[in-house]
Amino acid sequence: MSGTFVTLVAAEIERPSIDWHAIAPELILLGGGALVTVIDLIWLERVRKLIPTLTSLVFLVALIPVITLWADGSGLPRGLWIIDENVPATGVWEGAFVVDNYSLVLKGLFLLSAYVIVLLSTNYMSEGDYYDSEYYQLIAASVLGMLVMSSSRDLISIFVALELVSIPAYLMAAWRKRDLKSNEAGLKYMLMGVFASAILLYGMSLLYGIAGSTLLSDIAAAIDIGESRPVITLGIVFTIIGFGFKVSAVPFHTWAPDTYEGAPTPLTAFLAVASKAAGFVALINVVIVALPTQANVVEPFIWVLAAITMTVGNLIALRQTNLVRMLAYSGVAQAGYMLAPLAVYDGISDRATSAVVTYLVIYAAMNLGAFAVVIIAARKTRSAELSSYGGMFNYAPGLTLAMTIFLFSLAGIPPVGGWWAKFEVFRVLTEGNRTSGIALAVIAAVNSVIAAFYYLNIAKQMWFLPSPDGDNSRIAIPPALLAAVGLTVAATIVSGVLPGVVSDMTDFVNVAAGQ
Amino acid sequence: MIVTESWYLIVSALLFAIGATGLLVRRNPLVMFMCVELMLNAVNISFVAFSTALQDLAGQTAVFFVLVVAAAEVVVGLSIVVAVMRRRPSATVDDLAELKG
């Protein structure tokens, strides 16, 4: 007894050396966000114009270590601590934080989306007569949560990251605080969001109770294949429902259309793309890493979610007259396609993951682009009603062409991006000739046809119908918005014409579990 | 009578159910928010009970994170409720129907 005590005292605690390179993206974003806040506090009005530029620079600088980590791929996956200089990488706060190919692709996606969001926000915010510096600081905080999320392999860090993503977003949704619609958007989003968090946490506490650990890989090890106990099922269902709210899967989507319409439009783009992607990342981490043995519970549940999400989303989108609401419901339907590969992940989890990630990347480009056009058009028409897009070809042919590209891509028509994303999903669904997968593929195919109808209806409005008030004066497009449209058009076209560019990244994507 | 961990889990499940029901039934945003806090505390009880049963500290660590995050949610949530109430005193969530469809 005393011998053990002596050895305990005598044993020097060896401080593991931190792998600074692996956490550089998060640290840069944290430091940069803090710096922007301090600069804003010190110089106030004098620097206000510079804050968006500074924030977007922070995002681009944080992208550098993501690229160098990717280029230096030999050491992947790596963690937070370097346990042994000779054995690179594993270990790491017992594997709660893992940097692998998968997380690097997603970090790149989050940072680039955030950069485009800042481009979209610059004019909207500075012309809106509301506090704008704080808005960018909150975006930086939210994006930090997304970066942490893509590396999280532990229930607690997933929860904290998810809240770091959501809590700033609640504030930003209610940003136009003298506008009743924005108030309502924020309140609905906040109430549903915290409700979802509570459900998610309860599920997590049950999973912890079963496995005796919050680490995802320990949970996988603790549950045997096909082991079926009510408490396991309950834990899994609650956890997936919690994520279902975040990714706006039907029937947990009710907040999405209201929040999207009422919130500032750039923030809507942020919610529809980045925040939704973060929810998917959390879902993938938990399903692929923690629940590989529970496919008999997870697959049917996600199958039903995916099928009703794409169907309900598309059917309601059909009868929308407001373009932002239509994009909200279309986003709900797209979430259904993204859920689909997870309904057949058993045995092909790498392929399913890479299909979802491919979809997330391409969806980010085309949806951000569509929102960019909506924001530009609203500068002239002051409306997002579908009829106000009439005659756009006459006064803004370039913009109309760009929007048509995004709409074709959303509908999945080759050769622009979206078809490749859908193709990957179908390939995973039909792999292995499982009845459930093929049935879901059929539902997805029918839905793609329904969706094409309302997407092309927007295009018809812009190309062929006259402008409602006969006002054909041109739209002045500020450079930031022009850059955003340019970037997203390029990404949408390249990912469709040369799908290899995307698949070169996503084919290697597999979620490292950590140890 | 020995009070085992499962008693705590039952209390936790009951609290969670009360909170969830309250959130769905009540229409005052402030009361709904209180119900969410009830649900979060039910989760805390559940984490601590499992932690004791398993003789593992991770569950108790989780509670600290939940507490901190809940505090942050309260700050943000109450500020949004105040912003709404300033514009429309005594509004219930049913009155907030600018956005629908």
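Further up the page is the structure itself.
Residues numbered from 1 in each chain as written. Chains lettered and ligands numbered in written order. Predicted model: local features only at pLDDT ≥ 70, side-chain atom pairs only at ≥ 80, totals over all residues. Heavy atoms only, no water.

## Thoughts on the overall build of chain A
Piece 1. Assigned secondary structure in chain A consists of 21 helices and 2 strands.
Piece 2. In summary, chain A has a C-alpha radius of gyration of 23 Å against a globular reference of 24 Å for 515 residues, a match within 12%.
Piece 3. Principal-axis analysis of the C-alpha atoms gives chain A an extent of 90 × 60 × 40 Å.
Piece 4. Among the 515 residues that make up chain A, the fraction classed as buried is 62%.
Piece 5. Restricting to contacts in chain A with at least 6 residues of sequence separation, those with at least 24 account for 81%.
Piece 6. Approximately 18,200 Å² of chain A is accessible, and the part contributed by carbon and sulfur atoms is 68%. (Helix = DSSP H or I, 4+ residues; strand = E, 2+ residues; numbered from the N terminus. Rg over C-alpha atoms; globule rule 2.2 N^0.38 Å. Buried < 20%, exposed > 50% of the residue type's maximum accessible area, 1.4 Å probe, protein only. Contact = heavy atoms within 4.5 Å. Areas by Shrake-Rupley, 256 points an atom, 1.4 Å probe, with all protein chains shown as cover.)

## Remarks on the interface of chain A and chain B
Interface size is commonly expressed as the accessible surface area that is lost when the partners come together.
Piece 1. Taken together, the contact between chain A and chain B spans 41 residues of the former and 43 residues of the latter.
Piece 2. When the two sides are added together, the surface that chain A and chain B hide from each other amounts to roughly 3,600 Å², 78% of it contributed by carbon and sulfur.
Piece 3. Counting the surface chain A buries against chain B, the share from its top three residues, Leu-180, Tyr-202 and Tyr-208 of chain A, is 18%.
Piece 4. Where chain A touches chain B, the interface holds 0 salt bridges.
Piece 5. Of all elements in the fold, only helix H7 (155–173), helix H8 (180–211), helix H11 (255–262) and helix H14 (323–339) of chain A reach the threshold of two or more residues within the side of chain A that touches chain B.
Piece 6. Among the elements that make up the side of chain A that touches chain B, the one with the highest residue count is H8 of chain A (22 residues).
Piece 7. Each residue belonging to the side of chain A that touches chain B can be placed in one class, and the counts come to 23 nonpolar, 9 polar and 9 charged. (Buried area = accessible area lost by both parts, 1.4 Å probe. Salt bridge = Lys/Arg side-chain N within 4 Å of Asp/Glu carboxyl O. Nonpolar A, V, L, I, M, F, W, Y, C, P; charged D, E, K, R; others polar.)

## Quick word on the environment of Ser-12 of chain B
Piece 1. Here Ser-12 of chain B is to be found in helix H1 (residues 5–25).
Piece 2. Here the alpha-carbon distance between Ser-12 of chain B and Phe-47 of chain B, two residues 35 residues apart in the chain, equals 9.4 Å.
Piece 3. Not counting residues within four places of it along the chain, the set of residues in contact with Ser-12 of chain B comprises Tyr-202 of chain A together with Ala-42, Ile-45 and Ser-46 of chain B.

## Side note on empty space enclosed by the protein
Piece 1. Counting across every chain of the model gives 4 cavities of 30 Å³ or more.
Piece 2. Mapped onto the lining of the largest cavity, the elements with two or more residues apiece are H8 and helix H10 (230–246) of chain A.
Piece 3. The biggest single contributor to the lining of the largest cavity is H8 of chain A, with 3 residues.
Piece 4. Split into classes, the residues belonging to the lining of the largest cavity amount to 5 nonpolar, 2 polar and 1 charged.
Piece 5. Estimates place the volume of the second largest cavity at around 50 Å³.
Piece 6. Leu-155, Ile-156, Phe-159, Leu-201, Met-204 and Thr-214 of chain A together with Phe-47, Ala-62 and Val-66 of chain B are the residues that line the second largest cavity.
Piece 7. For the lining of the second largest cavity, the secondary structure elements donating two or more residues are H7 and H8 of chain A together with helix H3 (58–87) of chain B.
Piece 8. Residue contributions to the lining of the second largest cavity peak at 3 residues, all from H7 of chain A. (1 Å grid on protein atoms, 1.4 Å probe; cavity = no way out; pocket = protein on both sides within 12 Å on 5 of 7 lines; lining within 4 Å. Points joined across faces, edges and corners; volume = space filled by probe spheres on them.)

## Remarks on the packing of helix H17 (residues 397–411) of chain A against helix H19 (residues 435–464) of chain A
All names here are of chain A.
Piece 1. Interhelical geometry of H17 versus H19 gives an angle of 170° and a closest axis separation of 9 Å. It follows that H17 is roughly antiparallel to H19 by the angle criterion. Of the residues in H19, those touching H17 at Thr-400, Leu-401, Met-403, Thr-404, Leu-407, Phe-408, Leu-410 and Ala-411 are Ala-452, Tyr-455, Leu-456, Ile-458, Ala-459, Met-462 and Trp-463.
Piece 2. Its residues assigned to classes, the contact of H17 with H19 shows 13 nonpolar, 2 polar and no charged. (Axes fitted to C-alpha atoms, helices over the stretch in contact; angles between N-to-C directions. Parallel < 35°, antiparallel > 145°, perpendicular 65-115°, else oblique.)

## A look at the packing of aromatic side chains
All names here are of chain A.
Piece 1. Tallying each qualifying case throughout the model produces 17 aromatic pairs over all chains.
Piece 2. For the pair Tyr-202 and Phe-238, a centre-to-centre distance of 5.7 Å together with 45° between the ring planes defines the contact as tilted. Within this pair, whereas Tyr-202 is found in helix H8, its partner Phe-238 is found in helix H10, the two being separated by 36 residues in sequence. When sorted by exposure, Tyr-202 lands in the same class as Phe-238, which is buried. (Phe/Tyr/Trp six-rings, centres within 6.5 Å; stacked < 30°, edge-to-face > 60°.)

## Quick look at unusual backbone geometry
Residue and element names in this part refer to chain A.
Piece 1. In the segment running from Val-250 into Pro-251, the intervening peptide bond is cis, with an omega of 5°.
Piece 2. Tracing the backbone shows Pro-251 in the loop between H10 and H11.
Piece 3. Note that the residue after Pro-414, namely Pro-415, is joined by a cis bond; omega there is 5°.
Piece 4. You can see Pro-415 is positioned in the loop between H17 and helix H18 (418–430).
Piece 5. A positive phi angle is found at Leu-44, which is not glycine, with a value near 45°.
Piece 6. Within the fold, Leu-44 resides in the loop between helix H2 (20–43) and helix H3 (51–71).
Piece 7. Phi angles above zero are rare outside glycine, and Ser-248 is one such case at about 50°.
Piece 8. Residue position: Ser-248 is located in the loop between H10 and H11.
Piece 9. Since its relative accessible area comes to 0%, Ser-248 is described here as buried.

## Topic: the side chain of Asp-100 of chain A
Residues and elements named next belong to chain A.
Piece 1. In this structure, Asp-100 sits in the loop between helix H4 (92–95) and helix H5 (101–126).
Piece 2. What makes Asp-100 buried here is its relative accessible area of 2%.
Piece 3. Of the polar contacts made by the side chain of Asp-100, one reaches the side chain of Arg-153; its length is 3.1 Å.
Piece 4. Aside from chain neighbours lying at most four places away, what touches Asp-100 is Leu-76, Pro-77, Arg-153, Asn-510, Val-511 and Ala-512. (Polar contact = N/O pair within 3.5 Å; in protein donor to acceptor, adjacent residues only side chain to side chain.)

## Regarding the environment of Thr-293 of chain A
All names here are of chain A.
Piece 1. Tracing the chain through its elements places Thr-293 in the loop between helix H12 (265–290) and helix H13 (295–318).
Piece 2. Judged by its relative accessible area of 14%, Thr-293 falls in the buried class.
Piece 3. Reaching out from Thr-293, the side chain makes a polar contact with the backbone oxygen of Ile-223 at a distance of 3.2 Å.

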